[in-house]
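Coordinates in review
Spelled out, the chains give:
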Amino acid sequence: MSNAPDIVGIGVCTVDHLMTVPHMPGNNVNMKASTYLRQPGGLASCALVAAARLGARAKIIALVGDDDDGRYIRDELESEGVDASQLIARAGGESHVSLILVDEGTGERSIITRPPTGKPIALSEITREDITSAKVLFIDDVTELTLQAARWAREANMKVVLDPARPYAIIKEILPYVDVPIVPQQWAEAWMPGQAPEAVAEALREGGAAIAAVTLGARGSVVSWEGGTRHIPAFQVDVVDTTGAGDAYHGAFMAALLEDWEVPRMARFAAAVGSLNCRAIGGRTALPTRDEVDAFLRQFAD
């Protein structure tokens, strides 16, 4: 199908309210923000926008309210070329919103969220074809919906990519259906305290993943696949805000999966996109196009 998506994602869409502050406030502190930005966010939303800017056709299945925030999320996704036809707006529901404080000295951030108030998406609201028309499935949680979608994807020989929003004890139920778990360092440390990222990536591979990655922020990532386990460094950029760097990495890795590159090239490409996304405040503001990434990587060609 020419109009079928390359990637379908099931997950979170938010409206982010970002403010940069001189430092993270303590108790009873009144502080002025130096900048403010309202922008859509969320793991699935930002990962799919990242993939779309890189040339992939992306579709999202997510819950929003029938409020102004929900309409804003839909409009922004559509403006990025992401198919938002399966954003489900609950009558009377409020959309997911986040407050993000960004330390202007380091680019690190703290996040406070209010989940959406509508009833979760039921399995009866999607079909098998909604999933299997794509080549890659992206998920960030374990629900009845994502479990069935992952099963359908496995039956259809799709690639299933996971960005875990919940701890291992919950996520483990879906791992047998996941081809590419890409997990943040904090998640890895909570699952296997005291273990090196290489050990975590290899444990995920031993659990059935074809490719497993642990992202390490400014230190890059560790990737394990049948060819071995390797550290892939991040790229040096002027960091303004790290919000969405991991989402950008996921989106780029999925775009690279569609190209069927060698794993180190996929990881290096994803590292470049994650690094470039840190150049401006907001999870999407500095997401690059494919031409920008290619030009950036040419600077580091051997």
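None of these values were measured; they are calculated from a predicted model.

Take the overall build of the chain next. From N to C terminus, the chain includes 10 helices and 13 strands. For a compact globule of 302 residues, the expected C-alpha radius of gyration is about 19 Å, and the chain comes in at 18 Å, within 12% of that figure. Its C-alpha atoms give the chain principal-axis dimensions of about 55 × 50 × 40 Å. For the chain, the proportion of its 302 residues judged to be buried stands at 54%. Looking at the chain alone, contacts between residues at least 24 apart form 65% of all its contacts between residues at least 6 apart. Taken as a whole, the chain presents about 13,500 Å² of accessible surface, with 49% of it coming from carbon and sulfur. Computed over 27 positive and 40 negative side-chain charges, the separation of the two mean positions in the chain equals 2 Å.

Further remarks concern the nonpolar core. In this structure, Ile60, Leu77, Leu87, Val223, Phe253 and Phe269 are the most contacted members of the largest nonpolar core, which totals 59 residues. If near-sequence neighbours (up to four positions away) are discounted, Val223 is found in contact with Ile211, Ala212, Ala213, Gly228, Thr229, Arg230, Ile232, Tyr249, Val263 and Ala267. The next biggest cluster of nonpolar side chains, apart from the first, holds 37 residues, and it includes Val142, Trp152, Val160 and Ala212.

Moving on to the pairing of strand β1 (residues 7-10). The alternating pattern of β1 places Ile7 and Gly9 on one face and Val8 and Ile10 on the opposite face, and all of these are buried. Two elements, β1 and strand β4 (residues 58-65), share 4 bridges in a ladder whose sense is parallel. Across the sheet, residue Ile7 finds its bridge partner in β4, namely Ala58. Where β1 and strand β8 (residues 136-139) come together, 4 bridges link them in parallel fashion. In the sheet register, Val8 faces β8, and the bridge partner there is Leu137.

Right, let's get into the packing of aromatic side chains. Aromatic ring pairs are described here by two measures, namely the spacing of the ring centres and the angle between the planes. All chains considered together, the criterion is met by 8 aromatic pairs. Of the aromatic side chains, those joined through ring pairs into one cluster are Tyr168, Trp187 and Trp191. Sitting over the ring of Tyr72, Arg38 keeps its end group 3.9 Å from the ring centre.

So, about the sheet that holds strand β10 (residues 180-184). Strand order in this open sheet of 9 strands is β5-β4-β1-β8-β9-β10-β11-β12-β13, and the pairing throughout is mixed. Unpaired on one side and paired on the other, β5 (83-90) and β13 (228-232) mark the two borders of the sheet. Going across the sheet, the axis of each strand differs from the next one's by a mean of 15 degrees, ignoring polarity. As judged from the 5 bridges shared by strand β12 (residues 221-225) and β13, these two strands associate in the antiparallel manner. Considered in β13, the bridge of Ser221 is made with Ile232. In this fold helix α2 (residues 68-79) packs onto β4 and β5, with an angle of close to 175 degrees to the strand it touches most, β5. Lying over the sheet, helix α7 (residues 197-206) contacts β10, β11 (212-215), β12 and β13, oriented at roughly 35 degrees with respect to β12.

The residue Asp294 is located in helix α10 (residues 290-298) in this model. Residues Asp294 and Arg265, spaced 29 residues apart in sequence, show a C-alpha to C-alpha distance of 12 Å.

Within an α-helix, residues lying three or four positions from one another point in the same direction, as the helix has 3.6 residues per turn. Of the residues making up α7, those classed as buried are Pro197, Val200, Ala201 and Leu204. The arc that holds the buried residues of α7, viewed along the axis, is 95 degrees, so those residues lie on one side. Considering only its buried residues, α7 is in contact with β10, α6 (185-191), β11 and β12. A positive phi of about 125 degrees marks Gly208, the residue just after α7.

Quick look at the packing of helix α9 (residues 263-276) against α10 now. At their nearest, the axes of α9 and α10 sit 10 Å apart, and the two run at 105 degrees to each other. It follows that α9 is roughly perpendicular to α10 by the angle criterion. Touching Arg268, Phe269, Ala272, Val273 and Leu276 of α9 are Arg290, Val293, Asp294, Phe296 and Leu297, all from α10. Here the contact of α9 with α10 is built from residues that sort into 7 nonpolar, no polar and 3 charged.

Let us now look at the state of the cysteines. Counting across every chain of the model gives 0 disulfides. Cys46 supplies the cysteine sulfur nearest to Cys278, a cysteine that is in no disulfide, at a spacing of 12 Å.

Right, let's get into the pairing of β12. With 5 of its 5 residues buried, β12 lies for the most part within the structure. Burial of β12 is two-sided: the residues Ser221, Val223 and Trp225 facing one way and the residues Val222 and Ser224 facing the other way are all buried. Here 4 bridges tie β11 to β12, and the two strands are oriented antiparallel to one another. Bridge assignment links Ala212 to a residue of β12, and that residue is Ser224.

Parameters and conventions
- Residues numbered from 1 in each chain as written.
- Predicted model: local features only at pLDDT ≥ 70, side-chain atom pairs only at ≥ 80, totals over all residues.
- Heavy atoms only, no water.
- Helix = DSSP H or I, 4+ residues; strand = E, 2+ residues; numbered from the N terminus.
- Rg over C-alpha atoms; globule rule 2.2 N^0.38 Å.
- Buried < 20%, exposed > 50% of the residue type's maximum accessible area, 1.4 Å probe, protein only.
- Contact = heavy atoms within 4.5 Å.
- Areas by Shrake-Rupley, 256 points an atom, 1.4 Å probe, with all protein chains shown as cover.
- Lys, Arg positive; Asp, Glu negative; His and termini not counted.
- Charge placed at Lys NZ, Arg CZ, Asp CG, Glu CD.
- Core = buried A, V, L, I, M, F, W, Y, C linked by side-chain atoms within 4.5 Å.
- Pairing = 2+ DSSP bridges.
- Phe/Tyr/Trp six-rings, centres within 6.5 Å; stacked < 30°, edge-to-face > 60°.
- Lys NZ or Arg CZ within 6 Å of the ring centre and 35° of its normal.
- Axes fitted to C-alpha atoms, helices over the stretch in contact; angles between N-to-C directions.
- Arc of directions from axis to C-beta.
- Parallel < 35°, antiparallel > 145°, perpendicular 65-115°, else oblique.
- Nonpolar A, V, L, I, M, F, W, Y, C, P; charged D, E, K, R; others polar.
- Disulfide = S-S within 2.5 Å.

Worth remembering: the numbers are spatial, not functional.
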